[in-house]
Each structure stands twice: as structure tokens, then as C-alpha cells.
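Below are the chains, spelled out letter by letter.
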Amino acid sequence: MSLRARIFRRERIDRYLETDKHFAKTMSAVDLISLGIGAVIGTGIFILPGTVAATKAGPGIILSFIVAAVVCSTAAMCYAEFASAIPVAGSAYSYGNLVYGEIVGWVLGWALILEYVLAVAAVSSAWGAYFKSFMSGFGVPIPAAIVGGLDPAHGQYGNWFAIIIVVLISLMLARGMRTSVRLNNIIVFVKIAIILLFIVVGAFYVKPTNWHPFTPYGVHGVFAGASAVFFAYLGFDAVSSSAAEVKNPKRNMPIGIIGTLIITTILYVGVSIVLTGMMSYKDLNVADPVSFALQFVHQNWIAGIISLGAMAGMFTMMVTMIYSSSRLIYSIGRDGLLPKFLGKLDGQGLPRNALVTITIVISIMGGFVPLDQLTNLVNIGTLIAFLFVSFGIIPLRHNKEIKNHQGFEVPFYPVLPIVSGLLCIFMLTQLQAETWIASLIWFAFGLILYFTYGMKHSRLNDPNEIEQD
């Protein structure tokens, strides 16, 4: 078999379904939406509407969020069709293996590892710093030595609270998805309640004159704002990694993915409307614009509650991403491209080995590695996955082996998937050169790993596993 034929071998859907049937199917559409909101709505909802309004869009930030949501919705519908047609663990990694071939699946998996690990590590580090600030408000000092980076020369010995929160979330997930989802749903509910509290209270202090001019930077500013806030929506794709654990995935997966996007858009737009109405957009270019606006109208007690909302936002984001990354690592191990012990399920139907491994990696990075210059790589990893999933709808529809009877299908096929892919390419061109250089190094390392280990240990080396054309 030629090298080209080997690296473009495709997995079989029936084999994936057979392997993943051992997962416990406990999740509903509401659980999926909760996971999605947990991933998408983080601290950004308390920051981006203000800073982007001040620097790029003015009150037109309201339209910017709507435009960004429309752009994201094209990729969301593509994910929804894949999740409906292929209800297996692994998200874009598994989709790539099935419709493109093993090498593309590996690249997508490697991109998602980059997204999930860096995202959680960065947020866990921020959570540790935020927790220190929060406790100091109650007169409980926490030494900077255990909440900073690893810099012994300056008395800093890692962010141990970042490590603790990641370990606690992983222990929660290890107890099973029924318990984890229930707790996650409660915290997401609290987070939404805090956001709605700001919207309701802030509405009483809205002055319509603050919305004039509505687009001080013109239409260009609205689109520049949309480009800036586009990345605030990333995370809904993590919902698709749970497909193997969902009841009635053909119905619930599309509801979970698209429902997440609709609800998060309403929340982002609601905060933007109230925030830019409470005070002039020119004054919102601060680190904490929502708290700043509340203090401006002498509602300091709600400003304090907002800090709880921010911590809840970071917590639920980490829950979704750690959960999704463990299922991703399980999927790659299941296929032999990473050590096969990672692809094992325990007696409860949980990928415990994958969860422990990803917890160790994220804890080390969040606790000891400076991530300030690497977080932009989260965006490139996500957009590459979006790109291949969008264009992948075309080979998916032509794959006679994969049936999607009565499942969700992207409307306006093939125009909308192509438009989605082109929009992803456009967003990729907006990333900085430094981000591209760092990502190329990451993907080069990934390809070396694939050709030296993955290709040799792939379960497709078994002739019975190779797709039958």
C-alpha cells in the first residue's frame, strides 16, 4: 500500500458506533445547551461589550454580536449535521477520520488538543488570580507566591489554585456525567441569573442619548467589532464531543449546538444594549466595564455579585473543555494514534485514563507555564476545525456508508457549507503572523508524532478495519 493510500485510509462508522456504545447515554438537550453556554459564556461577557464598543464599534457593538453570531451559525449548522449523522465521541477528529481520511482526522484532533488544553490552562490560571482577589475582598490574604507563575527568583512558585480547580473539576467528572451535568447546570443557571440581574438593574439607568451616534465608527466599525467578538462564541463546538453520551442524538445534538448559539447571542446582545445605554461608549475602555458601569450608577453591591458571575463563567467553561478534551483524547487513543490505554472505558463507561492524563497536562500548564503569548493559538485551532467541518458536509452527503435518516441537515446545501468554509478562511487571515508561526511549529510536531507513532499503531493497520469502498 502506498504512503498516500495509508494516510488517507478512512474509519468505518459501524466500528465507531460499536466501540462507543459502551458510553452511558444520560444527557438531554437541556444538558447539552448548559454545556454549550458553560463553554461560550465566560468572563468575556463582562468585558468585550465594553472594550470593543469603546475602541471599534460604539453602541453598534449590538450589531457586531449579531453579525458574529450569524457567521458562527453557518459553522454551527455544519457541526449539527455531523453530530446528527455521526453520534460518536471525538467531535471534528472523528468526523475528519470518517469523511477525509486518517491524516486529516489526526490534524484536526491535534488542532483541538491545542484549543482545549490552552483554553483551560489559561482560564485556570486566570481563575486562580481572580480567586485571590475575591478572597482578599473578605480580608483573607492569599500569598502571591502560590498564585503567580513559576519564578522562584522573584518568590513565585506556581499558581496552585489553578491546579486545585482543575483537579477538583476532574474529580467531579470522574464521578460520572449524571452528577457532573447536574452541578454544571446549577452553576450555569446561577451565571445566567447574574447576567440577567445586571440587565434588569442596569436597564433602569439606561439613557437613550448614550446610543447616539449608534455607529460612530461607521459600518466598518460594526464589522471590525464583529471580527473582534467572533472568538467570544467559540466553544459551542465542544458540545459535539458528547454525542456518544446523548439520548436521541439525532434530535438532541442539533438542539444543543444551535440552541447554545441562540441563547448566548441573546445574552451578549442584552448586556451590550444595557451597558452602552448606561454610560458613553467612550468611557468603557477599562478592564472591567460592567463593574465600572455599575459603580458609575452607585450599584456597588451588584458589581460585587458580578465577580461571582465571572468566577462561575470560568468554572463552567473549564468543566466543558476538560470534559471535551478527555473525550477527544479517548477517541484518538481508541484509534491507536495515541497509546491505546487512553482509549479504554472503565466499568462506569467513562474514559478515566484519558481524563487523568489530560488533567495532569492542563494542571502543569495552568500552574507553571506562562500562557500570555499562546492563548491566540486557541483561535487558530478552532478555526481549522470549523474549516474542515464546513467543507466536510459535501463528502459527508456523498458517503453512502453514513446514513442520516430524519436527522438535521444544513439548509441551502451546498452553498451554506461553502460559505461557512470561506468565512473560516477569512477569519484565519485576520490572525497575527506570530500565531501562525507558533501553530506551524505545533502542527509540525504533530505530524512527526503521527508518522513516527500514530501511523504505525493505527488500528487501521488491521485489514478488517479498513473501509470497504
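Before any of the text, the structure's been laid out above.
Nothing here was measured: the structure is a model prediction, and the numbers come from that model.

Conventions and cut-offs
Residues numbered from 1 in each chain as written. Predicted model: local features only at pLDDT ≥ 70, side-chain atom pairs only at ≥ 80, totals over all residues. Heavy atoms only, no water. Helix = DSSP H or I, 4+ residues; strand = E, 2+ residues; numbered from the N terminus. Rg over C-alpha atoms; globule rule 2.2 N^0.38 Å. Buried < 20%, exposed > 50% of the residue type's maximum accessible area, 1.4 Å probe, protein only. Contact = heavy atoms within 4.5 Å. Areas by Shrake-Rupley, 256 points an atom, 1.4 Å probe, with all protein chains shown as cover. Lys, Arg positive; Asp, Glu negative; His and termini not counted. Charge placed at Lys NZ, Arg CZ, Asp CG, Glu CD. Core = buried A, V, L, I, M, F, W, Y, C linked by side-chain atoms within 4.5 Å. Salt bridge = Lys/Arg side-chain N within 4 Å of Asp/Glu carboxyl O. Phe/Tyr/Trp six-rings, centres within 6.5 Å; stacked < 30°, edge-to-face > 60°. Lys NZ or Arg CZ within 6 Å of the ring centre and 35° of its normal. Patch = residues over 30% accessible without salt bridge, like charges linked within 9 Å, V, L, I, M, F, W, Y side chains within 5 Å. Axes fitted to C-alpha atoms, helices over the stretch in contact; angles between N-to-C directions. Parallel < 35°, antiparallel > 145°, perpendicular 65-115°, else oblique. Left-handed = near helix turned anticlockwise from the far one by under 90°. Polar contact = N/O pair within 3.5 Å; in protein donor to acceptor, adjacent residues only side chain to side chain.

### Examining the overall build of the protein chain
A tally of regular secondary structure across the protein chain gives 17 helices and two strands. Taken over C-alpha atoms, the radius of gyration comes to 22 Å for the protein chain, in line with the 23 Å a tight globule of 469 residues would show. By principal-axis analysis of the C-alpha atoms, the protein chain measures approximately 70 × 55 × 40 Å. Across the 469 residues that make up the protein chain, the buried fraction comes to 57%. Counting contacts in the protein chain only where the partners sit at least 6 residues apart, residues at least 24 apart contribute 83% of the total. For the protein chain, the computed accessible surface area is about 18,800 Å², with 69% contributed by carbon and sulfur atoms. If the 29 positive side-chain charges of the protein chain are averaged to one point and the 23 negative ones to another, these points end up 4 Å apart.

### Re the nonpolar core
Counting 152 residues, the largest nonpolar core has Ile86, Phe198 and Phe236 as the members making the most contacts within it. Sequence-distant contacts of Phe236, that is, excluding residues within four places in its chain, are made with Val40, Cys72, Ala75, Ala76, Tyr79, Ile257, Thr260, Leu261 and Phe386.

### Some thoughts on the pattern of salt bridges
Overall, the coordinates contain ten salt bridges when judged by the stated rule. Here Arg459 and Glu11 are joined by a salt bridge, their closest N and O atoms 3.0 Å apart. Here Arg459, found in the segment after helix H17 (433–457), pairs with Glu11, found in the loop between helix H1 (3–7) and helix H2 (13–20); they are 448 residues apart in sequence, far enough to count as distant. Relative accessible area serves as the criterion here: at 10%, Arg459 is assigned to the buried category. One salt bridge connects Glu245 with Arg327, and the closest N-O pair in it is separated by 2.9 Å. Separated by 82 residues along the polypeptide, Glu245 in the loop between helix H10 (218–229) and helix H11 (249–278) and Arg327 in helix H13 (residues 300–334) bring together distant segments of the chain. Each member of the pair, Glu245 as well as Arg327, is classed as buried. Here the salt bridges share partners, and the residues they tie into one network are Glu11, Asp20, Arg334, Asp335 and Arg459.

### Comments concerning the packing of aromatic side chains
By convention here, two paired aromatic rings are described through the distance between centres and the angle between planes. Taken as a whole and assessed by the stated rule, the structure comprises 19 aromatic pairs. Centroid distance Trp110 to Trp442: 4.4 Å. Interplanar angle 10 degrees. Geometry classified as stacked. With a gap of 332 residues between them, Trp110 in helix H7 (residues 102–136) and Trp442 in helix H17 connect regions that are remote in the sequence. On the basis of relative accessibility, which here comes to 23%, the residue Trp442 falls in the partly exposed class. A centroid spacing of 5.1 Å and a plane angle of 75 degrees characterise the contact between Tyr450 and Phe451, whose relative ring orientation is edge-to-face. Every member of this aromatic cluster is reached through a ring pair, and the members are Trp106, Trp110, Trp442, Phe445, Tyr450 and Phe451. Here Arg334 stacks its cationic end above the ring of Tyr16, 3.9 Å away from the centre of that ring. Lying over the aromatic face of Tyr413, Arg397 brings its terminal NZ or CZ to 4.2 Å of the ring centre.

### Some thoughts on a nonpolar patch on the surface
A grouping of Ile146, Tyr157, Trp160, Ile164, Val167, Leu168 and Leu171 is seen on the molecular surface, where their side chains present a nonpolar patch of about 630 Å² in accessible area. Considering each element in turn, the nonpolar patch owes the most residues, five residues, to helix H8 (residues 160–174). By secondary structure assignment, the location of Ile146 is in the loop between H7 and strand S1 (147–151). The exposure class assigned to Ile146 is partly exposed, which follows from its relative accessible area of 30%.

### Topic: the packing of helix H5 (residues 61–85) against H10
The geometry of H5 relative to H10 is characterised by a closest axis approach of 8 Å and an angle of 55 degrees between their N-to-C directions. Here H10 runs oblique to H5, going by the angle between their axes. H10 is crossed by H5, and the crossing has right-handed handedness. Contact residues: H5 offers Ile61, Leu63, Ser64, Phe65, Val67 and Ala68, while H10 offers Gly221, Val222, Phe223, Gly225, Ala226 and Val229.

### Here we look at the side chain of Thr316
Relative to the helices and strands, Thr316 resides in helix H13. Of the residues examined, Thr316 reaches a relative accessible area of 0% and is grouped as buried. At 3.3 Å, the side chain of Thr316 forms a polar contact with the backbone oxygen of Gly38. Residues within four places of Thr316 in sequence aside, it is in contact with Gly38, Ala39, Ile41, Asn184, Ile187, Val188 and Lys191.

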